[in-house]
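Single-letter residue listing:
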Amino acid sequence: MRYPWLEPVTGDTASPGWRLAGADLPRALRLLDEEDLAEGTVPSAVRVAEALRRAGRCEQALARLEIAGVRATSAADRALLDFCVGMVRWSLAAPGRGAELAFRRSLESAAGHEPAMIAARLGILRSRRVNAPKGGWGEACALLAAAADVEDPHLLADARRETAAWALLRGEHDRALTLAAEARRTHESAGDRYLAGLADVLTARALSAKGRKDAAVGSLRTCVRVAETIGAVDLYLVVVVFLGQFLQRGVAPDSPDWAEAEAMLRHALTISSDMWTEAEVLLPLAHLWTSAGMVTEAERALERYGLLYRALGGNVIAAANLEKARARLQLVKAGRLPYGGFDAAADRTGVFRLATVRRTLRRAERLYRRGALRTGADGVRWHRDLLDALSARGSGTGGDGTDAGSEPLDAARAALLNGEKLRSRGRLAASAREFRNALDGAVRAGSTPLAVAAAARRAEVLYASGDLPGAASATRDAIHHAESIRGAVDNGPARAHMARFLRGHYERAALLAARTGDADLALEVVERLRTERLAGLLGQRERIVLPDDVGVLLGELDGLNEEVARRENAGGTIGLRAALDLAGLDAGELARRIEDVRTRLTEVTGEAFVEIYDDPPAGIGELCADIDHDVLAVVPVSDADGDHVLSVWRSADGRTAVRVVPMDDELRTLRAKLTDTAESNRVPLTSGDLGGASGTLPTELVAHLRAAPEPRSLTVIPGGWLWGLPFCALPLGTGLLVDHADVTLLPSLRAGAILRRRGPGTRLDAAAFYADATMTGTADLRALAGFPGGCTELRDQSAARAAVTRGADTYRLTVLAAHGDRQPGLAQSVVSSTGNAIVSAAHFLAAGTRPPRQLSFATCHGLYPENDNPHEPLGLALCALTAGTESMISAHFEVDFGPSLAGDILSAVYLAMAEGERPSSALARAQRGVPDRARQPLSRWAVLAVLGTP
């Protein structure tokens, strides 16, 4: 910028240090320091301060100017000094109107010197630009004309840059390009690479606004190198702010642009030394994190952004940008893709959240218009129009096509909006073409979120028009692009949020796939509905380290339980000495302490695995490649039409079938009973109460099973409340499912693939058991004596815990005959009759855990605890699989051992397992032998099931 009464940088009369201020700031500062020491004048101090400002050392620059103030004895000196103070305070964006006031003082001191007055007035206008006041454009044009009249090319170049910045605010991008190019020629001819870089930033902003993102990004990348070369930290930070903005536009974490922008902006945060720069860096970072589902990080960044600008005195542009960013974040928190996706359930909460987003966008639009920022206002208006169209409220007059010649991202956005408007008018074929255009443009522009939206909306339209193959193909496109987003998010909380974020859309996608008859696609989408937590636990088992707070809670719980056992004189613990802090507790307080620890353990379940996740699942062909038996996935799904049960069958030879059944009163009643906290609703259930659930099975599967000469091996992958369903008791017309299949449960196909890759464990033939005082001497425990390697009775609860968590080298099967609870997550336990935990789910994830190949916890709720995630009920059974167990016998809900049926079944199972029979076939054969099954409550026989490998 042109300083009054100071020769231009690199000018013929400039000092050696000043000539380097536009090309090599470190060398320039060394020389300028020496020159100032020798001269001791206001101009020499200002030259040093300006170089410091360019180098990003504004606080030092202000200190230098304050010291030089005593030298300002003339009006010219005061004008020069105040002008430099204004420039430094403008770079700092100091609170209040510090920069503007300094420029006004400079203007007063410069009275009668036209070039100096124009420079000061440009400074005042520059300070006011952040609030985009009315009349600013006219004043900029007037100053441009005045600068041309004084015939100072450097002052004219400054005026051109300032006018270009105002032209950008008005949306006059071609005018801005022309002005910036003219300014750059002047700065380049003078050899001032710093000012030429500022002109290049304006050019890049205009190019980006015109949709030429690649050209804008290329220009700024060159600017970054220039700033680094000359040591201009101030220029570097300005460039990084805009480069980050351009790179994050429309991209997702799967894009190299996303990774480049985040790394660059994170670095900029570490070197920024003023509030303005920090705020400007935080805004594009917040957008990046929002697109990645990193909600917590984005919220913190926007909160900090708002605080910083309030501290700086606030301005209309920052306020508008903040409201727009908040609206985007609200969309993500509402479970919506940035541009929409598959039609999700029309719940009242979702409608309310979208109304909140609209209000936020309206505030942003008003702020942009108040500042005469037409481009910003138009951008927000586009988002509002799209939101209306996605909500089926838009009644726009969508045309038949969009301009294919415009920039890919803008053309794709326009096509998406036009497609929505055409769809609302019932012009499905034209709408599908526009969504295809949007998809193609999004792919070319590298905007994965937009590609997801375009493909999903195209699938909906094609399905509505009866093009089922086309709908299935478009659904595959949407899933492909959505998974690339999830796979690129390398952050635990964001990964979990992304999974939740996508799941609502995937439920609708699964229904679409089913209704198109594409069973393979439906099975793939159902698999992707699963959370990644269990797959991550299974895949990273050897590297899992429980957080310290979980270990502390486990130790505290063990101590409390041992104290209960000591007081009960339980075998093997009578000799223990009471812990000093527990000896004085009465029984009631001890029980309360145990409950408190278990509650806290429940709370940390979700937090314990925030960094545990696996790669997105492979294709169905790969997941099923080595499966030699039938697979049935059954999940509850919802969309705008209501709740459904979707089931997909895949045979061992690759045949598939899919079925969707709307939830009726019979299914709703069954769901209520299986999920109710009152056991009285479940214990009396019989197979006759499961007829509605039988109706959810694909008819092809039923025919396949009934035609088989022998029972087939069937792996069932349930979801949600269906984890509580005893599948073996489903009526099939001729008998029950167990008459035709040996059923094994799995949480997901991925989990099965990981379990199969582990290979068989150590071949041992010994068994062990621990029996609670209420369950000793039962027939099933006596049957364990048939194991060739013998059977060990564990009389100590500590020994029982060790046998089930670290017994891999000693026992093939370990049995706990005790009681179960419905505690969620890591807190779920096998408990004694007095309520102290013998082993909890968390124990299986502790360091050094190596459980036996086979476990039997014939306890209530072992397979279906209350859970923080219904798609994957993390508890005892799943944690045991994670730790290395191949199969586990447990129960869907309460087990009734009263009439001895359950005990007889387990006796037969243990005898068969001793002979080497697989647990699933042994259990199925025993259940087939139950007399009068139709009349027997499920809690006495059918509630038992096997989880793991068949």
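Small disclaimer: the values here were computed from a predicted structure and weren't measured. (Residues numbered from 1 in each chain as written. Predicted model: local features only at pLDDT ≥ 70, side-chain atom pairs only at ≥ 80, totals over all residues. Heavy atoms only, no water.)

J.: Looking at this structure, I do not really get the overall build of the protein. What am I missing?
T.: From N to C terminus, the protein includes 41 helices and 14 strands. When contacts within the protein are restricted to residue pairs at least 6 apart in sequence, those whose partners lie at least 24 apart make up 71%. When the accessible area of the protein is evaluated, it comes to approximately 35100 Å², of which 51% is carbon and sulfur surface. (Helix = DSSP H or I, 4+ residues; strand = E, 2+ residues; numbered from the N terminus. Contact = heavy atoms within 4.5 Å. Areas by Shrake-Rupley, 256 points an atom, 1.4 Å probe, with all protein chains shown as cover.)

J.: I keep staring at the sheet that holds strand β10 (residues 829-831) and nothing clicks. Help me out?
T.: Where strands meet in a sheet, backbone hydrogen bonds hold them as pairs that are either parallel or antiparallel. Reading across from one edge, β9-β10-β11 is the order of the three strands in this open sheet, with antiparallel pairing throughout. If you trace the sheet from one side to the other, it starts and ends with β9 (819-820) and β11 (837-840), each paired once. Note that β10 and β11 share three bridges and pair antiparallel. When the sheet's bridge partners are listed, Ser 829 is paired in β11 with Ser 840. (Pairing = 2+ DSSP bridges.)

J.: When you look at the packing of aromatic side chains in this model, what are you seeing that I'm missing?
T.: Two descriptors summarise a pair of aromatic rings, namely the distance from one centre to the other and the angle between the planes of the rings. Applying the stated criterion to the full structure yields five aromatic pairs. With a centroid separation of 5.3 Å and 65° between ring planes, the pair formed by Phe 83 and Phe 103 is classed as edge-to-face. Residue Phe 83 is located in helix α5 (residues 75-92), and its partner Phe 103 is located in helix α6 (residues 98-109); the two are separated by 20 residues in the primary sequence. When sorted by exposure, Phe 83 lands in the same class as Phe 103, which is buried. Between Phe 242 and Phe 246, the ring centres sit 6.4 Å apart and the planes meet at 40°, which makes this aromatic pair tilted. Here Phe 242 and its partner Phe 246 are both found in helix α13 (residues 233-248), four residues apart, which amounts to about one turn of the helix. (Phe/Tyr/Trp six-rings, centres within 6.5 Å; stacked < 30°, edge-to-face > 60°. Buried < 20%, exposed > 50% of the residue type's maximum accessible area, 1.4 Å probe, protein only.)

J.: Please explain the environment of Ala 514 as it appears in this structure.
T.: Note that Ala 514 resides in helix α24 (residues 492-515). Given a relative accessible area of 11%, Ala 514 falls into the buried group.

J.: What should I look at first to understand the pattern of salt bridges in this one?
T.: Two side chains that carry opposite charge are able to pair once their charged atoms sit near each other. Overall, the coordinates contain 53 salt bridges when judged by the stated rule. The salt bridge involving Asp 24 is made with Arg 27; its shortest N-O contact spans 3.9 Å. The partner of Asp 896 in a salt bridge is Arg 940, and the shortest N-O contact between them spans 3.3 Å. Linking Asp 896 in the loop between β13 (887-891) and α40 (901-914) with Arg 940 in the loop between α41 (919-928) and β14 (944-948), this pair joins segments that are 44 residues apart in sequence. A relative accessible area of 25% means that Arg 940 is categorised as partly exposed. Via salt bridges that share partners, Glu 50, Arg 53, Arg 54, Asp 192 and Asp 234 belong to a single interconnected network. (Salt bridge = Lys/Arg side-chain N within 4 Å of Asp/Glu carboxyl O.)

J.: Can you help me understand empty space enclosed by the protein in this one?
T.: Empty pockets left among the atoms are what a rolling probe the size of a water molecule brings to light. Throughout the structure, instances matching the rule amount to four cavities of 30 Å³ or more. Roughly 140 Å³ of internal volume is contained in the largest cavity. Around the largest cavity, the lining is made up of 14 residues, and of these Met 1, Pro 8, Val 9, Asp 192 and Leu 195 lie nearest the centre. Among the residues making up the lining of the largest cavity, the classes are represented as eight nonpolar, two polar and four charged. Space inside the second largest cavity adds up to approximately 100 Å³. In terms of lining residues, the second largest cavity is bounded by 15 residues, among which Cys 728, Val 743, Gln 927, Leu 944 and Ala 945 are the most central. With four residues, α41 is the single largest residue contributor to the lining of the second largest cavity. (1 Å grid on protein atoms, 1.4 Å probe; cavity = no way out; pocket = protein on both sides within 12 Å on 5 of 7 lines; lining within 4 Å. Points joined across faces, edges and corners; volume = space filled by probe spheres on them. Nonpolar A, V, L, I, M, F, W, Y, C, P; charged D, E, K, R; others polar.)

J.: I tried to follow the packing of helix α4 (residues 58-68) against α5 on my own but got confused; where do I start?
T.: At a minimum axis separation of 10 Å, α4 and α5 run at an interaxial angle of 160°. Put simply, α4 runs roughly antiparallel to α5. For the pair α4 and α5, the crossing hand works out as left-handed. In this structure, α4 uses Cys 58, Glu 59, Ala 61, Leu 62, Leu 65 and Ala 68 to contact α5, whose residues at the interface are Leu 81, Cys 84, Val 85, Val 88, Arg 89, Ser 91 and Leu 92. Residue composition of the contact of α4 with α5, by class: 10 nonpolar, one polar and two charged. (Axes fitted to C-alpha atoms, helices over the stretch in contact; angles between N-to-C directions. Parallel < 35°, antiparallel > 145°, perpendicular 65-115°, else oblique. Left-handed = near helix turned anticlockwise from the far one by under 90°.)

J.: Where do I start with the confidence of the model for the protein in this structure?
T.: As a general rule, the predicted coordinates of low-pLDDT regions are not to be interpreted in detail. Across the protein, the average pLDDT comes to 83, with 84% of residues at 70 or higher. Confidence over residues 345-352 falls short of pLDDT 50; this stretch has four contacts with residues more than four positions distant or in other chains. (pLDDT = per-residue confidence, 0-100.)

J.: Hey, could you run me through the nonpolar core in this one?
T.: Soluble globular proteins: nonpolar side chains tend toward being buried together. Ranked by size, the top nonpolar core spans 149 residues in total, and within it Leu 646, Phe 844, Phe 857 and Trp 941 carry the most contacts. At nine residues, α40 tops the list of elements feeding residues into this core. If we skip the residues at most four places from it in the chain, Leu 646 touches Ala 510, Leu 511, Ala 514, Val 526, Ala 633, Val 634, Val 635, Val 637, Val 658, Arg 659 and Val 660. Grouped together as the second largest cluster of nonpolar side chains are 117 residues, Leu 144, Leu 177, Ala 279 and Leu 283 included. (Core = buried A, V, L, I, M, F, W, Y, C linked by side-chain atoms within 4.5 Å.)

J.: Honestly, the side chain of Asp 200 in this entry has me stumped. Any pointers?
T.: Counting through the fold element by element, Asp 200 comes out in helix α11 (residues 193-209). There is a polar contact of 2.5 Å between the side chain of Asp 200 and the side chain of Arg 184. Those residues in contact with Asp 200 that sit more than four places away from it in its chain are Arg 184, Ser 219 and Cys 223. (Polar contact = N/O pair within 3.5 Å; in protein donor to acceptor, adjacent residues only side chain to side chain.)

J.: Honestly, the side chain of Thr 859 in this entry has me stumped. Any pointers?
T.: Assignment of secondary structure puts Thr 859 in the loop between β12 (854-857) and α39 (876-883). What Thr 859 contacts, discounting residues up to four positions off in sequence, is Leu 816, Ala 818, His 819, Gly 820, Val 830, Ser 890, Ala 891 and Val 895.

J.: Would you mind showing me how to read the pairing of strand β3 (residues 656-662) here?
T.: Walk down a regular strand and you will see the side chains alternate between the two sheet faces. Pairing of strand β2 (residues 642-650) with β3 involves seven bridges; the strand directions are antiparallel. Residue pairing in the sheet places Arg 650 in a bridge with Thr 656 of β3. Counted between consecutive antiparallel strands, the loop separating β2 from β3 contains five residues, among which Gly 654 sits at a positive phi close to 95°.

J.: Is there a simple way to think about the environment of Ala 926 in this case?
T.: Tracing the backbone through its elements, the reader meets Ala 926 in helix α41. Given the relative accessible area of 13%, Ala 926 is considered buried. In the structure, Ala 926 is positioned 21 residues away from Ile 905 in sequence and 5.4 Å away in space, judged by C-alpha atoms. In this structure Ala 926 touches Ile 905, Ala 908 and Val 909, once residues within four positions along its chain are discounted.

J.: Looking at this structure, I do not really get unusual backbone geometry. What am I missing?
T.: Note: most peptide bonds trans; most residues except glycine with negative phi. Its identity as a non-glycine residue notwithstanding, Glu 151 has a phi of 60°, on the positive side. Phi is positive for Asp 932, which is not a glycine, with a value near 55°. If you trace the backbone, Asp 932 turns up in the loop between α41 and β14.

J.: Honestly, the packing of helix α21 (residues 428-445) against helix α22 (residues 448-464) in this entry has me stumped. Any pointers?
T.: Pairs of packed helices are described in terms of their axes, by the angle between the two and the distance that separates them. Where α21 meets α22, the axes come as close as 8 Å, and the angle between the chain directions of the two elements is 160°. The orientation of α21 with respect to α22, classified from their angle, is roughly antiparallel. Handedness of the α21/α22 crossing: left-handed. Note on element contacts: α22 touches α21 through Leu 450, Ala 451, Ala 454, Ala 455, Arg 457, Arg 458, Val 461, Leu 462 and Ala 464, opposite Leu 428, Ser 431, Ala 432, Phe 435, Arg 436, Ala 438, Leu 439, Ala 442 and Val 443.

J.: Please clarify how the environment of Leu 944 should be interpreted in this entry.
T.: With respect to the element layout, Leu 944 can be found in strand β14. Among the residues examined, Leu 944 registers a relative accessible area of 2% and is labelled buried. The spatial distance from the C-alpha of Leu 944 to the C-alpha of Ala 891 is 4.5 Å, given a sequence separation of 53 residues. Non-local contacts of Leu 944, meaning those with residues more than four positions away in its chain, are made with Ala 858, Ser 890, Ala 891, Val 895, Ala 902, Ile 905, Leu 906, Leu 923 and Gln 927.

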